[in-house]
Amino acid sequence: MKKKVVKIGIVGCGRVFNHYMKIFNKRKKKDFKIIAICDKNRNLVSKVSKILKCEAFTNYSLMLKNYKKKLDLIIILTPSGLHFKHSVLALKNKFDVLCEKPATMLPKDALKLNDLAKKNKVMFGIAFQNRFNKSVVALKKLYENGRFGKILIVNVRLLWSRDQEYYNDQWHGKWKMDGGVTNQQAIHHIDIARWIFGPISEVNSIMTNQINNLQAEDTNNSIIKYKNGATGSIQVTTAVRPNDLTASLEVVGEKGFMVLGGIALNKIENFYFKKLSKSEIKLIKKSSEIVKNGYGNSHGRILDLVIKNIINKKKQFPITAIDGFLTANLIHALYKSDEKRNWIKVTRNVKSNRLGL
């Protein structure tokens, strides 16, 4: 019996697309094929299509129309502020969708994507790839096994470098299209803290522009209260020079602690637990990996799961629009706190006056 090959269409050939290209090139399994690619830059998309040996489009709607029922998956790699619009078009045309983070700029739009996917009986997923880092998988397993005991402190730190040129395009750092370090770079790490140790009840943020010139913030310092009684902090910036310094998560419990670090939550840098099984010790020892940049190694793992789900006709991707809603909700609470210069409760209807507007 001939194995199914997942036929893929991609929209967006920018910065993150180059990272995806490396993943595609490394993948040894012949279980997917890129059929069509779209970008408004005619010269760029033409060049890329020749490399991939696929059809090039500058009109996204036309690509979807021409390949209706001929593609299994649309991967959305456009600027953040366009993710919702491009996802809606694909879902309405009954394509499964994998979208880069953030799936939406506004939390309520993530719920709309969830409803639209259900209505059209297709799958929608988000590339929060750090959830599949070996170190993060180990951390979550130990937490679920009760090795931390009561969680006391959870700190997120992202000390990265983005120079001014990065913000001088048409969308990076803009409120409508992107946001600042909180919604662009640190959203991955904030998502991890919320996903494993949340929900989060209240936040208090101070956001500033320390070096970079952009509409939004290049630095955020926040205090966090978790519903389980833990407290913590978020310290994130793109003002480090000259290179990325760290992306870390510090978790302190009554029975032990763990520090994830590296530049992409890719290493277990320190840990202590009162009690560990032999399998848990083995897991910890195998859970640090080498990465080349802040993207890490886990986009390939996301892609693998997405392709498997399509081939096996499963009902949903590993990270759904509801996950996107919950993390977007927290991000908006952080921005709202800075706007109000006060504590903000993380409710379902919390909304920043700036982000996505």
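Preceding block: the structure.
The text that follows walks through the structure, step by step, so that each part is easy to find. (Residues numbered from 1 in each chain as written. Predicted model: local features only at pLDDT ≥ 70, side-chain atom pairs only at ≥ 80, totals over all residues. Heavy atoms only, no water.)

### Some remarks on the overall build of the chain
Of the regular secondary structure elements, the chain holds 11 helices and 14 strands. With respect to the principal axes defined by its C-alpha atoms, the chain has extents near 55 × 50 × 40 Å. For the chain, buried positions account for 57% of its 357 residues. Sequence separation of 24 or more characterises 69% of the internal contacts of the chain that already satisfy a separation of 6 or more. Total accessible area on the chain stands at roughly 16900 Å², and carbon and sulfur atoms take up 52% of it. (Helix = DSSP H or I, 4+ residues; strand = E, 2+ residues; numbered from the N terminus. Buried < 20%, exposed > 50% of the residue type's maximum accessible area, 1.4 Å probe, protein only. Contact = heavy atoms within 4.5 Å. Areas by Shrake-Rupley, 256 points an atom, 1.4 Å probe, with all protein chains shown as cover.)

### What about the side chain of His-332?
Within the fold, His-332 resides in helix 11 (residues 321-340). Of the residues examined, His-332 reaches a relative accessible area of 0% and is grouped as buried. If near-sequence neighbours (up to four positions away) are discounted, His-332 is found in contact with Met-105, Leu-106, Pro-107, Val-350, Lys-351, Ser-352 and Leu-355.

### Observations concerning the layout of surface pockets
Taken as a whole, the largest pocket holds about 1100 Å³ of empty space. Along its surface, the largest pocket is lined by 45 residues, and Gly-14, Arg-15, Leu-77, Pro-79 and Trp-171 are the ones closest to its centre. At the level of secondary structure, the elements contributing two or more residues to the lining of the largest pocket comprise helix 1 (15-26), helix 4 (83-92) and helix 8 (187-197). It is helix 1 that provides the largest number of residues to the lining of the largest pocket, a total of five residues. Looking at the lining of the largest pocket, its residues break down into 14 nonpolar, 22 polar and nine charged. One number sums up the size of the second largest pocket: a volume of about 460 Å³. Lining the second largest pocket are 18 residues, and of these Asp-96, Lys-121, Val-122, Met-123 and Lys-315 sit closest to its centre. Per-class residue counts for the lining of the second largest pocket are six nonpolar, three polar and nine charged. (1 Å grid on protein atoms, 1.4 Å probe; cavity = no way out; pocket = protein on both sides within 12 Å on 5 of 7 lines; lining within 4 Å. Points joined across faces, edges and corners; volume = space filled by probe spheres on them. Nonpolar A, V, L, I, M, F, W, Y, C, P; charged D, E, K, R; others polar.)

### Observations regarding the sheet that holds strand 1 (residues 6-11)
Each strand in a sheet pairs with its neighbour through backbone hydrogen bonds, running either in the same direction (parallel) or in the opposite one (antiparallel). Spatially, 3-2-1-4-5-6 is the arrangement adopted by the six strands of the open sheet, whose pairing is parallel. A strand with exactly one partner marks an edge of an open sheet, and here the two such strands are strand 3 (55-57) and strand 6 (124-127). On average, adjacent strands in this sheet sit at an angle of 25 degrees to one another, irrespective of strand direction. Where strand 5 (residues 96-100) and strand 6 come together, four bridges link them in parallel fashion. Considered in strand 6, the bridge of Leu-98 is made with Gly-125. Contacts from helix 10 (residues 299-311) reach strand 1, strand 2 (32-38), strand 4 (73-76), strand 5 and strand 6, with the element oriented near 170 degrees to strand 5. (Pairing = 2+ DSSP bridges. Axes fitted to C-alpha atoms, helices over the stretch in contact; angles between N-to-C directions.)

### Side note on the sheet that holds strand 10 (residues 231-237)
With mixed pairing, eight strands are arranged side by side in an open sheet as 13-12-11-7-10-9-8-14. Of all strands in the sheet, those bounded by a partner on one side alone are strand 13 (267-273) and strand 14 (344-345). As paired strands, strand 7 (residues 151-159) and strand 11 (residues 246-253) are joined by eight bridges and run antiparallel to one another. When the sheet's bridge partners are listed, Leu-158 is paired in strand 11 with Ala-247. Most of the contacts of helix 6 (residues 134-144) go to strand 12 (residues 256-261), to which it runs at about 165 degrees, and overall it touches strand 7, strand 11, strand 12 and strand 13. Contacts between helix 11 and the sheet are confined to strand 8 (200-208), strand 9 (219-226), strand 10 and strand 14, with strand 8 contributing the most and set at about 55 degrees to the helix.

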